[in-house]
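What follows is each chain in one-letter form.
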Amino acid sequence: MSRRLLIDKLFEKLMTFGGLSVIVAVSAIFVYLVSVVVPLFMPPGVDHRQQFATPGDKAQTTLSLTGEEQREIGSRVGAGGAITFFKFATGEQIAQTQVPVPAGATVTSADIGERRSFAQGFGLSDGRVILVKQSFAVSFPNNKRVITPALEYPVGEAPVSVDPQGKPIKLLGIQQSEEGSTLAAVTEDGRLLLSAVNVSTNAMTGETKSEVQQSEIPSAPVGIRQLLIESKQRELYVLHGERKLARFNISNKSSPVLLETIELAPADQKVTALTMLSGGFSLIVGTDKGGLSQWFPVRTEGANFALKRIRDFKSMPAGITAMSAEFFRKGFIVGDSTGNLGSYFATSQRQLFVEKLSDKPITVLGVPPRGNGYMAQDQAGRVYTASVDNHYPEVSFSSLWSKVWYESYEEPDYVWQSSASNADFEPKFSLAPLTYGTIKAATYAMMVAMPLAILGAIFTAYFMTQRMREIVKPTIEVMAALPTVVLGFLAGLWLAPLVENNLAGVLMSLLMLPLAMVVASYIWHLMPRGLVERVGLGWEAALLMPIVVVVIWGFFQLGHPLEAAFFGGDLPHWLSNTAGISFEQRNSLVVGIAMGFAVTPAIFSIAEDAIFSVPKSLTSGSLALGATPWQTMMGVVLLTASPGIFSAVMIGLGRAVGETMIVLMATGNTAVMDFSMFSGFRTLSANIGVEMPEAGVGETHYRLLFLSALVLFAFTFLVNTLAELIRQRLREKYSTI
């Protein structure tokens, strides 16, 4: 007896330890997922704040502040052509150079191109323009990194003649890239000029040749205040008056075309700052009331585009006085007239932080190439620098779960697209279509699995003979051991083409097969009594199997004539081109059938055990009181077994939600929000499986994949918790039967 008690206690401790281990393991998984995801939602950190006097020639107003990607060297470009390189952290001057201005000419205007190009232009009093480009060469003498700043002249050191009449350049707009350079200028007498410079180099002789195209834009707007050329040099934006913007098509530099003129701000506000985001597609507009908004061209009809106000941002405390965009991301910083600096990210519509730097207006702003710092100069000539830990600005609740209006899109949409082939691509991280796809996959799988599994379990446990049950139940349970990769392989390469080629037959089979089984049962009921008794009670299912095969075969044969008669011989083509319903070969119907096949054994096994475990005394008592077997099954057996059946369904649902390989191989993996059975989808689990190998550790993409896993974890936890509560209620309710 003592030995038995000892063994009982040992197993009790062992089971307790096992249960606690499971709880600890699940909790550890949850904690780890949270630890990876939390940094996405942490506010940016700003450190190493410094301030110092403006380095370089203080007689020249500052045109721009910038720096190299290591955030060791900053540069200040003076409006008179003086370029000063200094230490980012201290302001200590490293070097200074002067853009070579021809004798007899002075600098009358200046502008900078897209930040990543490091290009500056200087308009001269004789109608010419000097183009300069900063560069930072990195070398490692004695294994020590040395950054050497220098100047380059992309179109040559000789100034480019923009105005044949030689009038001073009053306003300048430039854009420079490997494809060439475009210059827009307003002369002292109010003419708006456009020039394109392409420099080609002879590969044999090394001789360079410049080709210049020039034109004058007729009827130039009055009161021009700023010129912006987008990065691909196909459009020119002209800010004039207090709030008006003219957009020109300059693809043909010889004949620019005015596309539209719009107002960027309400009648009571004035546009005080205008800049272009990285990529050259979006404009950020700041007003004298602190308002900020994003605009970009949206397709209207055919190949026509119109500038649209896309989104507004949280206002700054005072009027906007300066603005600077990041080099590669869709972020930007702004300064206002009371010395505040604000950091924003366009796509997520976030105001990341606002800092009070000075009591004077902020006049110039700059961002290092990696977006990990800022440089600001106030009206008093003080320069402020800091490092910014801002790795995940594109993440917000709205960008993850709401529609977002992305550049080049005609309307807001839910989009997951984590990578592309060009550097201008903006990742799109909406979890909504992935979550929707997960729910869609589970829904279609359960629509197939629940009727088959539950009805099959009822018949097997309650009506089937013991001998046949001993064959059927193990066979179905063995099906659960089939690898899902095999099922996915078969679904993608065999089932999907089969469904496409026999779509009408498949749809008729799904809709009419239950009715055919009812008709077959009714016919069996009308058979002679002697024939029915020869088969034996509980063996009817064996006769039904060939009937199911014949009915499906018949519907497949009937489907082709129906398609030829009503759908032009090709139902998928008719759906896509006539009915307007997109049809994909690897679609939800295929996944529903394949996943339903995978989920059915789990639901069947648990539900059948629950039904079979109902005490015989309950069924015998019901039958003794005059109830029919069907009445007993519906009124006694199912109610008593309902907690177990419900648990089976919930386990099957969890299996369907977490399924990866079948979804991965049997759908097109398109992250779309469409509940049609003929379209594909992408689930959270499949997305993790596909993209985790290519995600950089610690990057936004990597952490969002962990967020996807956390969403799956939370969804499964909530569903299982709710299921357990309902199961307990059902057990309490029907325990007295």
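Residues numbered from 1 in each chain as written. Predicted model: local features only at pLDDT ≥ 70, side-chain atom pairs only at ≥ 80, totals over all residues. Heavy atoms only, no water.

## Thoughts on the overall build of the protein
Thought 1: Helix and strand content of the protein: 15 helices and 31 strands.
Thought 2: Since a compact globule built from 737 residues should have a radius of gyration of about 27 Å, the 36 Å found for the protein marks it as more spread out than a globular shape.
Thought 3: Projected onto its principal axes, the C-alpha positions of the protein cover 120 × 80 × 60 Å.
Thought 4: When the accessible area of the protein is evaluated, it comes to approximately 35,500 Å², of which 61% is carbon and sulfur surface.
Thought 5: Of the side chains in the protein, 57 bear a positive and 60 a negative charge, and the two mean positions are spaced by 6 Å. (Helix = DSSP H or I, 4+ residues; strand = E, 2+ residues; numbered from the N terminus. Rg over C-alpha atoms; globule rule 2.2 N^0.38 Å. Areas by Shrake-Rupley, 256 points an atom, 1.4 Å probe, with all protein chains shown as cover. Lys, Arg positive; Asp, Glu negative; His and termini not counted. Charge placed at Lys NZ, Arg CZ, Asp CG, Glu CD.)

## Remarks on the packing of helix H11 (residues 616–624) against helix H12 (residues 629–658)
Thought 1: Running from N to C, H11 and H12 cross one another at 145°; their axes reach a closest spacing of 10 Å. Classified by chirality, the crossing of H12 by H11 is right-handed. Residues Leu618, Thr619, Ser622 and Leu623 of H11 form the contact with H12, whose own contacting residues are Pro629, Thr632, Val636, Val637 and Thr640.
Thought 2: Each residue belonging to the contact of H11 with H12 can be placed in one class, and the counts come to 5 nonpolar, 4 polar and no charged. (Axes fitted to C-alpha atoms, helices over the stretch in contact; angles between N-to-C directions. Left-handed = near helix turned anticlockwise from the far one by under 90°. Contact = heavy atoms within 4.5 Å. Nonpolar A, V, L, I, M, F, W, Y, C, P; charged D, E, K, R; others polar.)

## Some details on the sheet that holds strand S28 (residues 373–378)
Thought 1: Strand order in the open sheet formed by 4 strands is S1-S29-S28-S27, with antiparallel pairing between adjacent strands. Strand pairing shows two members of the sheet lacking a second neighbour, strand S1 (45–53) and strand S27 (362–366), which therefore form its edges. Geometrically, the sheet is characterised by an average inter-axis angle of 20° between neighbouring strands, direction not taken into account.
Thought 2: Examined bridge by bridge, S27 and S28 share 4 bridges and lie antiparallel to one another. By the bridge assignment, Ile362 is partnered in S28 with Asp378. (Pairing = 2+ DSSP bridges.)

## Considerations on the side chain of Lys330
Thought 1: When you line up the elements, Lys330 lands in the loop between strand S23 (320–325) and strand S24 (331–336).
Thought 2: A relative accessible area of 5% places Lys330 in the buried class.
Thought 3: Side-chain polar atoms of Lys330 contact the backbone oxygen of Ser278, separated by 2.4 Å.
Thought 4: For Lys330, the residues in contact, after removing those within four places along its chain, are Leu277, Ser278, Gly279, Phe345, Ala346, Thr347, Glu407 and Glu426. (Buried < 20%, exposed > 50% of the residue type's maximum accessible area, 1.4 Å probe, protein only. Polar contact = N/O pair within 3.5 Å; in protein donor to acceptor, adjacent residues only side chain to side chain.)

## Description of the pairing of strand S16 (residues 235–240)
Thought 1: Counted residue by residue, S16 has 6 buried out of 6 residues, so it is predominantly covered.
Thought 2: Here strand S15 (residues 224–229) pairs with S16 via 5 bridges, running antiparallel. Within S16, the residue paired with Gln226 across the bridge is Leu239.
Thought 3: Count of turn residues in the S15/S16 antiparallel hairpin: 5 residues, of which Gln233 carries a positive phi of about 60°.
Thought 4: Of the pairings in the sheet, the one linking S16 to strand S17 (residues 244–249) comprises 6 bridges and is antiparallel in character. Residue pairing across strands places His240 opposite Lys244, the latter belonging to S17.
Thought 5: Joining the antiparallel neighbours S16 and S17 is a turn of 3 residues, in which Gly241 adopts a positive phi near 65°.

## Quick notes on the pattern of salt bridges
Thought 1: In total, this model carries 23 salt bridges according to the counting rule given.
Thought 2: As a salt-bridge pair, Glu72 and Arg145 come within 2.2 Å of each other at their nearest N and O atoms. Within this pair, whereas Glu72 is found in the loop between strand S2 (62–67) and strand S3 (73–78), its partner Arg145 is found in the loop between strand S8 (128–139) and strand S9 (146–152), the two being separated by 73 residues in sequence.
Thought 3: For Glu72, a relative accessible area of 34% translates into the label partly exposed. (Salt bridge = Lys/Arg side-chain N within 4 Å of Asp/Glu carboxyl O.)

## Things to note about the sheet that holds S24
Thought 1: The sheet built from 4 strands is open, its strands ordered S23-S24-S25-S26 with antiparallel pairing. Each edge of the open sheet is held by one strand with a lone partner, namely S23 and strand S26 (350–356). Strand-to-strand twist of the sheet, defined as the mean angle between neighbouring strand axes without regard to direction, takes the value 20°.

## A look at the nonpolar core
Thought 1: Formed by 76 residues in total, the largest nonpolar core has its most connected members in Trp416, Leu503, Met595, Ile603, Ile611 and Leu704.
Thought 2: A total of 12 residues in this core trace back to one element, the largest contributor, which is helix H10 (residues 588–612). (Core = buried A, V, L, I, M, F, W, Y, C linked by side-chain atoms within 4.5 Å.)

## Quick word on the packing of helix H3 (residues 432–463) against H10
Thought 1: It is at 6 Å that the axes of H3 and H10 come closest, and there the two elements cross at 35°. As H3 runs across H10, the sense of the crossing is right-handed.
Thought 2: Per-class residue counts for the contact of H3 with H10 are 20 nonpolar, 6 polar and 2 charged.

## Quick word on unusual backbone geometry
Thought 1: Although it is not a glycine, Gln233 adopts a positive phi angle of roughly 60°.
Thought 2: Mapped onto the secondary structure, Gln233 falls in the loop between S15 and S16.
Thought 3: When its relative accessible area of 8% is taken as the criterion, Gln233 is described as buried.
Thought 4: At Gln349, a position not held by glycine, the phi torsion is positive, near 55°.

## Some remarks on the packing of aromatic side chains
Thought 1: Across all of its chains, the model carries 23 aromatic pairs by this definition.
Thought 2: Grouping aromatic residues by their ring pairs yields a cluster made of Phe85, Phe118, Phe136, Phe327 and Phe328.
Thought 3: One Lys or Arg, Lys428, reaches over the ring of Tyr406 and ends 5.3 Å from the middle of that ring.
Thought 4: Over the aromatic face of Phe612 sits the side chain of Lys616, whose NZ or CZ is 5.2 Å from the ring centroid. (Phe/Tyr/Trp six-rings, centres within 6.5 Å; stacked < 30°, edge-to-face > 60°. Lys NZ or Arg CZ within 6 Å of the ring centre and 35° of its normal.)

Any functional reading would require information beyond the geometric quantities listed.
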